[in-house]
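Residue-level structural notes
Below, each chain spelled out in residue letters.
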Amino acid sequence: MCIRWLLGSSQLQRAWRAASLKHLPCGHQGTRRWRHSGGSTYRAVIFDMGGVLIPSPGKMAAEWEVRNHIPSGTVLKALSSGGENGPWMKFMRAEITIEDFLQEFRKLCSEISKTDMSVDFFSFLLTNEQVVKQFPVMTETITQIRAKGLQTALLSNNFFLPNGKSFLPLDRKQFDVVVESCLEGICKPDPRIYKLCLERLGRKPSECILLEDLGPNLKAAASLGIHTIKVNDPETAVKELKTLLGFTLRTVVPNTRPVRKTMEIPKDSLEKYLRDLLGIQTTGPLELLQFDHGQSNPTYYIKLANQQMVLRKKPPGTLLPSAHAVEREFRIMKALKNAGVPVPKVLDLCEDSRIVGTPFYVMEYCSGLTYKDPSLPGLKPSQRQAIYTAMNRVLCKIHSVDLKATGLEDYGKHGDYITRQVQTWIKQYRATETSTIPAMERLIEWLPLHLPSQQRTTVVHGDFRLDNLLFHPETNEVLAVLDWELSTLGDPLADVAYSCLAHYLPSSFPIQPGLGDCDLTKLGIPTAEEYFRMYCLHMGIPPTENWNFYMAFSFFRVAAILQGVYKRSLTGQASSATAEQSGKLTEFMSNLAWDFAVKEGFRVFKEMPPTRPLTRSHHTWARPQFPPRTLGRRSYVTSTDSSPAHASKGALVFSPEGLSPPVWEVYQRLKQFIERHVYPAEPELQSHQASAERWTPSPLVEDLKEKAKAEGLWNLFLPIETDPERKYGAGLTNVEYAHLCELMGTSLYAPEAKSRVAFGKPLVEQGTLLADIAQSRVEIEQARLLVLKAAHVMDVAGNKAAALDIAMIKMVAPSMASRVIDRAIQAFGAAGLSNDFPLAQFFAGARALRFADGPDEVHRAAVAKMELKHGL
């Protein structure tokens, strides 16, 4: 039941409104009055939501239509269809449910576009609070209005979500009054909803200003005497509002905001420190603002007298070792400034925590443009190309710095940078882990096993991306590279890959928009591959082959960073307002990282040389010695060397003896369990299966199950993805499990795949039987190797990439088993069909598999289609 019906009676409505007025702070009789040149007094500003405080449905619809190749204007036509009695207006008056609205909305869109449209994703965009965020300029405007003592109100045509709550992706505390159509049962431009808002504010129409983007709604408000501002662009609207109110609504420093409550620092001690540092004698207050970007080290804008500065400090609270090292930032920026790299001039490093609570450094404020959206909206294609080229060139300049000449030879360790980084971010992630993320667990094992063999050593920024660069507003040159917190000496390709992250993120990504669904050619922005080739050309180096590894590592590192931000947000330590969202995004980023790991694994697999003959029979390999390894961690490895020395890395292991020590130990325990418990029980189990009680579970089987569970040999088939904590299984790779399956498929009766005599000599000495044994051995080995290959591809490249191998083995293995078992039955004669031996049962099972897991014809057709597609 919607809330509107709970407040349906006139008595309840009056009580609701009276309560709203009663709780206004002191009736606002003491609020300040602000006059414009005509003499009118304004005491309240009323804001619409869509198109004023957040992106309008129309704008989002237009972008969605372009991306999904929907005829332009389809969504707006569907929304306006039917006027006051259309589904959209009924939905906002809470007269129909969201399910009914979406059904009608889809029908209208399909009719208008003449295509069968799905509107689910558009409705997601429209209602996702991580996508539909308040414009920063409006957040700041509301803060300034309330600071001057004026009231603020939200007046919105709104709707209910499936959970019964209204859609309001805003902080209600910004407003003295909130009026929503779905709660009131009336929509703009109905004059009654404006009067209701005025009543709850306790204001006359002439005392209020309305910011609205739709003409009919503005007209209705103006007819009541409310002063209106049409909002086409939030920035322009704020300028007009400033003229009416007569006071500043925006700070003069871009990308800043009032300091967040949890990030406040003592201004008195800071002002004294700065006056002593700079020798400032003139009086005047210290102006302090917080930059709204940066989630790690809080960054502030400072103005004292005529000096403009930037302060970066460590966040408060207990921090991870070596994290947030502002001391290193200060050192690297000072050295690079002297080397000609565009960085701000640093003024001083203060390690005295008594000043602002933590160590900090101060640098000069640089005026320029920072681009948060990598698609660079509003610019020409040629300008976008110039900006990305300048970004690429300045990265090359950083990587070309002479370490000896700048005194940075000891700024970090030389060599093995990626190795140390992987270890560092694994530790950082473990220290801030709040739940198990399967993709992170896979990456934590995969990355150390796929490290680049060759790495150059240069200065690396560690967080090189577009919004950490300051550009000249006219020439598009880089004026300054900011945020050096993660800088060190290392592999420069890590910087290049990191600067390409945005290319793979969606444009609706909550923390920072991406380019993943943009037409880069049309925008004039180089693709990630083009950007990388541009870098290699500028540096004079050949492109690397393992680019996917660097991308996987970069996304893994971001995932670890986001996890740290999320952990700090739980204690109020993170410096960004969006920090709490990062917890939900860690898994998203780790999945992207794993996608690149799969691509890298498949690249290596495709480049494998043809299979070489084994130097030893797999029957005679000696068990190798291996370093310790944790049991149960799935191994995602692309090594293809069949020697025992590489078997511990999860290579394509041909022999059980090549398994890693923990899995070999499981293999041995399984073998002993079969010999001690299963083989001796087979006659009784066979008798039970032939008896009238065969349809009821055998007590002996139930007993064997309990024994297997007690010995840790239960659910061996469960992979780590479905059992990340290994509570129910052993967490084996497909290759490892394949070897255990081979063991579990053996039988006690094979010695009898010698005692039979025919034509005066043992059957095993008959030439035809020897030929059958040889043929069977060959077919078994062929199928066995194909099974292992399919399992290996599944491990290193994923099930999708292994589709061809899986289809082939489903076609080959049951047919092979049927042929081999048939030969065994022939050798046993009539006894092979009796219940004295399990051959007839084996044959029936193998034959059933040829249609139980999909008919052979289906698998043959699938293989043929994939082969033809590959060939074309």
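**Remarks on the overall build of the protein**
The number of helices and strands found in the protein is 30 helices and 19 strands. Going through the 872 residues of the protein one by one, you find that 49% of them count as buried. Counting every atom, the protein has about 42300 Å² of accessible surface; 55% of that belongs to carbon and sulfur.

**Looking at the packing of aromatic side chains**
Using the criterion set out here, one finds 18 aromatic pairs in the structure. With 5.3 Å between their ring centres and 80° between their planes, Tyr 301 and Tyr 365 make a pair best called edge-to-face. Taken together, the residues Tyr 301 in strand β10 (residues 299-304) and Tyr 365 in the loop between β13 (360-364) and α15 (381-399) connect sequence positions 64 residues apart. Take Tyr 301: its relative accessible area is 1%, and that puts it in the buried class. The ring of Tyr 411 carries the charged tip of Arg 328 above its face, separated from the ring centre by 3.9 Å. A cation sits over an aromatic face here: Lys 599 above Phe 596, 4.6 Å from the ring centre.

**A closer look at helix α25 (residues 699-710)**
In this model, α25 (12 residues) spans 17 Å end to end at C-alpha, consistent with the 16 Å of a helix rising 1.5 Å per residue. Leu 700, Leu 704 and Ala 708 are the residues of α25 that are buried. In a view along the axis of α25, the buried residues occupy a sector of 80°, so they form one face of it. Away from its buried face, by an angle of more than 90 degrees, α25 presents the exposed residues Pro 699 and Ala 710. Buried residues along α25 sit against α24 (661-690).

**Things to note about the sheet that holds β10**
Spatially, the six strands line up as an open sheet ordered β8-β9-β10-β11-β13-β12, and their pairing is antiparallel. Bordering the open sheet on either side are β8 (256-257) and β12 (346-350), each of which pairs with just one other strand. As judged from the four bridges shared by strand β9 (residues 287-291) and β10, these two strands associate in the antiparallel manner. In the strand pairing of β10, Gln 290 is matched with Tyr 300. Of the strands in this sheet, β9, β10, β11 (307-313), β12 and β13 touch helix α13 (residues 267-278), which is tilted by about 65° from β10. Across the sheet, helix α14 (residues 326-338) touches β11, β12 and β13, and the angle it forms with β12 is around 155°.

**Remarks on unusual backbone geometry**
Look at the link from Lys 188 to Pro 189: it is a cis peptide, with omega at 15°. For Pro 189, the location among the structural elements is in the loop between α9 (181-184) and α10 (191-201). Phi at Asp 483 takes a positive value of approximately 60°, unusual for a residue other than glycine. One can find Asp 483 in the loop between β16 (478-481) and β17 (488-490).

**Section: the packing of α24 against α25**
Look at α24 against α25: their axes get within 11 Å of each other, and the N-to-C directions meet at 170°. One finds that α24 runs roughly antiparallel with respect to α25. Contacts between α24 and α25 involve Phe 673, His 677, Ala 681, Glu 684 and Leu 685 from the former and Leu 700, Val 701, Leu 704, Lys 707 and Ala 708 from the latter.

**Details of the packing of α24 against helix α26 (residues 734-744)**
Across the interface, α24 lies against α26 with an axial gap of 10 Å and an inter-helix angle of 15°. Judged on the interaxial angle alone, α26 and α24 are roughly parallel. Classified by chirality, the crossing of α26 by α24 is right-handed. Note on element contacts: α26 touches α24 through Glu 736, His 739, Leu 740, Leu 743 and Met 744, opposite Val 663, Val 666, Tyr 667, Leu 670, Lys 671 and Ile 674. Per-class residue counts for the contact of α24 with α26 are eight nonpolar, one polar and two charged.

**Section: the environment of Ser 56**
Residue placement: Ser 56 occurs in the loop between β3 (44-47) and α3 (57-67). Sequence separation between Ser 56 and Asp 213 is 157 residues, and the spatial gap between their C-alpha atoms is 8.6 Å. Dropping the residues within four chain positions of it, Ser 56 is found in contact with Gly 50, Gly 51 and Asp 213.

**Overview of the environment of Pro 205**
One can find Pro 205 in the loop between α10 and β6 (208-212). In contact with Pro 205, not counting residues within four places along its chain, are Leu 198, Leu 224, Gly 225, Ile 226 and His 227.

**Description of the nonpolar core**
Among the nonpolar cores identified, the biggest contains 96 residues, and Phe 464, Trp 484, Phe 555, Phe 556 and Met 589 are the most heavily contacted of them. Ranked by residues supplied to this core, first place goes to helix α21 (residues 547-569) with 12 residues. For Trp 484, the residues in contact, after removing those within four places along its chain, are Glu 329, Ile 332, Met 333, Leu 336, Val 343, Ile 398, Val 459 and His 461. Within the second largest apolar cluster, 46 residues are counted, among which are Leu 53, Met 89, Met 117 and Leu 170.

**With respect to the sheet that holds β6**
As summarised here, the arrangement of the five strands in space is β5-β4-β3-β6-β7, forming an open sheet in which the pairing is parallel. The open sheet has two edge strands, β5 (177-180) and β7 (227-230), and neither has a second partner. The mean inter-strand angle of the sheet, taken between neighbouring strand axes irrespective of direction, is 20°. Relative to β7, helix α11 (residues 215-223) is tilted by about 165°, and along the sheet it contacts β6 and β7.

**What about the pairing of β7?**
Two elements, β6 and β7, share four bridges in a ladder whose sense is parallel. Of the residues in β7, the one forming a bridge with Ile 209 is His 227. Where the polypeptide runs from β6 across α11 and back to β7, its parallel neighbour, the crossover connection is right-handed.

**Focus on the pattern of salt bridges**
Inspection of every chain in the model, using the stated rule, returns 30 salt bridges. Across the pair Asp 48 and Lys 188 runs a salt bridge, and its minimum N-O distance is 2.8 Å. Placement of the pair is Asp 48 in the loop between β3 and α3 and Lys 188 in the loop between α9 and α10, with a sequence separation of 140 residues. Accessibility classification places Asp 48 together with Lys 188 in one group, the buried group. In this structure, Arg 465 and Asp 463 form a salt bridge, with 2.6 Å as the shortest nitrogen-oxygen distance. Three or more residues are tied together by salt bridges with common partners; here these are Glu 742, Arg 777, Glu 781 and Arg 784.

**Observations concerning the side chain of Ser 375**
Structurally, Ser 375 is set in the loop between β13 and α15. Among the residues examined, Ser 375 registers a relative accessible area of 12% and is labelled buried.

**Some remarks on α11**
Along α11, the residues that are buried comprise Asn 217, Leu 218, Ala 220 and Ala 221. Buried residues of α11 fall within an arc of 165° about the axis and therefore sit on the same side. Exposed residues lying more than 90 degrees from the buried face of α11 are Pro 216, Lys 219 and Ser 223. Residues of α11 that are buried in the fold lie against α10, β6 and β7. Count one or two residues on from α11 and you reach Gly 225, which has phi positive near 100°.

Criteria and cut-off values
Residues numbered from 1 in each chain as written. Predicted model: local features only at pLDDT ≥ 70, side-chain atom pairs only at ≥ 80, totals over all residues. Heavy atoms only, no water. Helix = DSSP H or I, 4+ residues; strand = E, 2+ residues; numbered from the N terminus. Buried < 20%, exposed > 50% of the residue type's maximum accessible area, 1.4 Å probe, protein only. Areas by Shrake-Rupley, 256 points an atom, 1.4 Å probe, with all protein chains shown as cover. Phe/Tyr/Trp six-rings, centres within 6.5 Å; stacked < 30°, edge-to-face > 60°. Lys NZ or Arg CZ within 6 Å of the ring centre and 35° of its normal. Expected span 1.5 Å × (residues − 1). Arc of directions from axis to C-beta. Contact = heavy atoms within 4.5 Å. Pairing = 2+ DSSP bridges. Axes fitted to C-alpha atoms, helices over the stretch in contact; angles between N-to-C directions. Parallel < 35°, antiparallel > 145°, perpendicular 65-115°, else oblique. Left-handed = near helix turned anticlockwise from the far one by under 90°. Nonpolar A, V, L, I, M, F, W, Y, C, P; charged D, E, K, R; others polar. Core = buried A, V, L, I, M, F, W, Y, C linked by side-chain atoms within 4.5 Å. Right-handed = clockwise from strand over helix to strand, strands pointing away. Salt bridge = Lys/Arg side-chain N within 4 Å of Asp/Glu carboxyl O.

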